[in-house]
Amino acid sequence: MTEAITQIRAKGLQTAVLSNNFYLPNQKSFLPLDRKQFDVVVESCVEGICKPDPRIYKLCLERLGLQPSESIFLDDLGPNVKAAASLGIHTIKVNDPETAVKELEALLGFTLRLGVPNTQPVRKTMEIPKDSLKKYLKDLLGIQTTGPLELLQFDHGQSNPTYYIRLANRDLVLRKKPPGTLLPSAHAIEREFRIMKALANAGVPVPNVLDLCEDSSVVGTPFYVMEYCPGLIYKDPSLPGLEPSHRRAIYTAMNTVLCKIHSVDPQAVGLEDYGKQGAYIPRQVRTWVKQYRASETSTIPAMERLIEWLPLHLPHQQRTTLVHGDFRLDNLVFHPEKPEVVAVLDWELSTLGDPLIDVAYSCLAHYLPSSFPVLRGFNDCDLTQLGIPAAEEYFRMYCLQMGLPPTENWNFYMAFSFFRLAAILQGVYWRSLTGQASSAHAEQTGKLTEFVSNLAWDFAVKEGFRVFKEMPFKNPLTRSCHTWARSQSQWYPIGTRSYSSVPEASPAHASRGGLVISPESLSPPVRELYHRLKRFMEQHVYPAEPELQSHQASAARWSPSPLIEDLKEKAKAEGLWNLFLPLEADPEKKYGAGLTNVEYAHLCELMGTSLYAPEICNCSAPDTGNMELLVRYGTEAQKARWLMPLLEGKARSCFAMTEPQVASSDATNIEASIREEDSFYVINGHKWWITGILDPRCQLCVFMGKTDPHAPRHRQQSVLLVPMDTPGIKIIRPLTVYGLEDAPGGHGEVRFEHVHVPKENMVLGPGRGFEIAQGRLGPGRIHHCMRLIGFSERALALMKARIQPPTAEGREQERGLRRPCFHWSCRVKSRVAFGKPLVEQGTVLADIAQSRVEIEQARLLVLRAAHVMDLAGNKAAALDIAMIKMVAPSMASRVIDRAIQAFGAAGLSSDYPLAQFFTWARALRFADGPDEVHRATVAKLELKHRI
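Residues numbered from 1 in each chain as written. Predicted model: local features only at pLDDT ≥ 70, side-chain atom pairs only at ≥ 80, totals over all residues. Heavy atoms only, no water.

### What about the pattern of salt bridges?
By the definition in use, this model includes 51 salt bridges. Here Arg-632 makes a salt bridge to Glu-628, at a shortest N to O gap of 2.8 Å. Of this pair, Arg-632 and Glu-628 are both found in helix H20 (residues 623-633), 4 residues apart, which corresponds to roughly one turn of the helix. For Arg-632, a relative accessible area of 27% gives the class partly exposed. Residues joined in a network through salt bridges with shared partners are Glu-565, Lys-568, Glu-615, Asp-623, Arg-652, Asp-695 and Arg-697. (Salt bridge = Lys/Arg side-chain N within 4 Å of Asp/Glu carboxyl O. Helix = DSSP H or I, 4+ residues; strand = E, 2+ residues; numbered from the N terminus. Buried < 20%, exposed > 50% of the residue type's maximum accessible area, 1.4 Å probe, protein only.)

### With respect to the packing of aromatic side chains
The description of an aromatic ring pair rests on the distance of the ring centres and on the angle between the ring planes. Counted according to the given criterion, the structure contains 19 aromatic pairs. Consider the rings of Tyr-164 and Tyr-228, whose centres lie 5.4 Å apart with planes at 80°: the pair is edge-to-face. Of this pair, Tyr-164 sits in strand E7 (residues 162-167) while Tyr-228 sits in the loop between strand E10 (223-227) and helix H8 (244-263); the two residues are 64 residues apart in sequence, bridging distant segments of the chain. Of the two residues, Tyr-164 and Tyr-228, neither departs from the other in class, the shared state being buried. Above the face of the Trp-577 ring, Lys-572 is positioned so that its terminal group lies 4.8 Å from the ring centre. Directly above the aromatic system of Phe-703 lies the positively charged group of Lys-687, at a separation of 4.9 Å from the ring centroid. (Phe/Tyr/Trp six-rings, centres within 6.5 Å; stacked < 30°, edge-to-face > 60°. Lys NZ or Arg CZ within 6 Å of the ring centre and 35° of its normal.)

### Focus on the nonpolar core
Among the nonpolar cores identified, the biggest contains 100 residues, and Tyr-600, Ile-896 and Leu-914 are the most heavily contacted of them. The contacts of Tyr-600, once residues within four sequence positions are left out, are Leu-579, Phe-580, Leu-595, Met-607, Cys-619, His-783, Met-786 and Arg-787. Met-254, Trp-309, Tyr-394 and Ala-423 belong to the second-largest nonpolar core, a separate cluster that totals 95 residues. (Core = buried A, V, L, I, M, F, W, Y, C linked by side-chain atoms within 4.5 Å. Contact = heavy atoms within 4.5 Å.)

### Some points on the confidence of the model for the protein
On average, residues of the protein score 84 in pLDDT, and 86% of them are at 70 or above. Scored below 50 in pLDDT, residues 471-513 makes 110 contacts in the model with residues more than four places away or belonging to other chains. Contacts from residues 809-829, a stretch scored under 50 in pLDDT, to residues over four places away or in other chains number 28 contacts. (pLDDT = per-residue confidence, 0-100.)

### A word on unusual backbone geometry
For the bond from Lys-51 to Pro-52, the omega torsion is 5°, close enough to zero to count as cis. With respect to the helices and strands, the residue Pro-52 is situated in the loop between helix H2 (44-47) and helix H3 (54-64). With omega at 0°, the peptide bond leading from Ala-621 into Pro-622 counts as cis. Here Pro-622 lies in the loop between helix H19 (613-616) and H20. Of note, Leu-239 is a non-glycine position whose phi angle comes to about 50°, a positive value. By secondary structure assignment, the location of Leu-239 is in the loop between E10 and H8.

Structure (structure tokens):
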């Protein structure tokens, strides 16, 4: 039927499918076929009607633009066929596909079968001379014929062009090198010929090879000829149309034949010199780095990281067997009637080496999406429902058949396999630029190389995380904390102390491998940056807080404070600027300081001790999230227009998602519309709690709305970059949080009415909004948790200073006997209530103890989340991120509330930062998602991974 559809469409006719299907739990419709085969797809679960209801037939005809008499309907169910016939549609009841195709041919008046599956007419760029080939074959086969030579090209494969030949009732396959200049050692058809000839009697199913011709004058390049092996080639690894048990049997057969390949004794079949013994992986890494460099067309950050990482993490012990090198489902020919491999094809990359490379490579489809154009995958499918074994099960199946223990560094093999695939795709793309590629779709592989290299890097960081978890326990390192006191309407640090139960680690071990829980244990450059920031806070930020707080309460509050702008310039001069952007998102350090999430966590906590420091260092939300969004997903033009002014502090931005009419904690609920109109998108919607939109410096609004309400739930939303001077943006009012306006940025309620935005302002493309929002909310939202630790530390320090008598150092400073290390003067006296100092009140002491414990617990959880993000990526850290979002705001609220209680009524005033700290800690339990959402996430992930 697939061949029939191909021929029908080749004649310029349309095809449609009417499906009585249903929705899967992920809200995708269950329709296991290639939609690209059809001009129209009508699904009962989408339309709300199903066959044999006449309305669904009429709907299909309407979308095709046809009358009933102009159409033919095929179905295997009598009632469905009868309903179609009653409308005047020509019908065929399908009892047997072969018979049905013959009936269809009779109605159409032309043949629908090519005779050889997976073939097509030879493409113009791949034509070969028939006359010289025919002469060569007649001499090779010893036949005399005047009949024509039939030549077709197989429609899959990215490397060596492959042709079907029929001559004098002989069915043959010719496989040749591509034309033109080739990469060194690539397209080794000589090796293919040799190994298939050697394996003919070794228990591995291979086609019968006839001859290797190295004379380029015959068809333009060297080639070999083998007998055609009829059977089934499954190009879609999800095996649509098969029963789950049949799919499992196919993958079991695939696994079994791989074990047969790896069980061959190379010496027994004359292949002992087919490859070098040992050090296979290092050679492969060097080879594919060289191949990639030879075809490189632009710099891909993930490939650069992999080229550095792979040689440093090679497996220590490797077995040596015969390896196929490109072992995957569509390189196997299966028996037409049973799950049995009858031929293994495409031995171009075969050699002697580590067999686990083949196992990993055969699992690539498990991690690729079904929409991947070159090598389809099924990572977005339910494998249990399909019946396909998961990658881990497939690997265990292999180890069991081979009698081997499972390897621990499986992630390395997957990282290398995806790295190699990326290098292959880059080579295909490079050849497409010169017209040498075998596949008609080669040109589109250029954009896929980066996608695959990012997958490879994901496995690399997972391997790093595995190694980390297996490292011997390291003693906790020291950490510094601060105490604070207020004098003359200012709050300053009054001293520094360290606490530790073990000696401090040496600098040589700082920041290497383990979780860094102390600023003093950071690498020397980052430790120096931390102390530079600490000095800047003490010398410039804390002293400026009273004036900045006064400005926020003044009539000029909706204009930026000149003092803030002055401090920003000082921060730039000190190199304390754009510290937030994670190294993973900016590996070349083009935009930021190149810190890891853990390194930034320590600096972010320090900035969090002041309400103003994050903006002064250009590290405040929502700009940080928007800048990371542009770095990760923006085009070069979008970066030039928006990212650079934000990075330079010349502009600010906002993020418009939350809506008053829906529960916006679920981003799929948003209702604001984005409609396509000519060269613009037109947006309409009502948004609120848009932080920063009232700031006169705000030049960009990152807007999230729906482009397609009928798409799958998580593909309806899109993200647009909206200039704030676009007509139709109407700010209704500023919103307050517990009466605080948070000027000058504020939190606005806004209407977008017929706002026209150029199409080039779309980020990534329509339907990618939910994906972008999730990517934006990884590091950006963990920053809030880091700052909350700073809130809490300062609140506890203020509480201790409130109840304690002055220290000896403080008394000396008051008398002028010692030079203070900060601009401060301490005049705090011991406070007395109910006959004894507060410091002796049991409840106050209990509060201090409880606060210290909760801060330390939350800090460790935040640092762990940052650490997992660094080592395994944001997706792998989903549980840790959800936990800290659940823990940090609540912890900070409790700690700050205890400090307020110790201050009495003064704690409620603006004389101290406690009231504002408490307000934002409470607000973040909404801004970072409601507690209920995070609890649900943690519970679901816990149940998913622990049962």
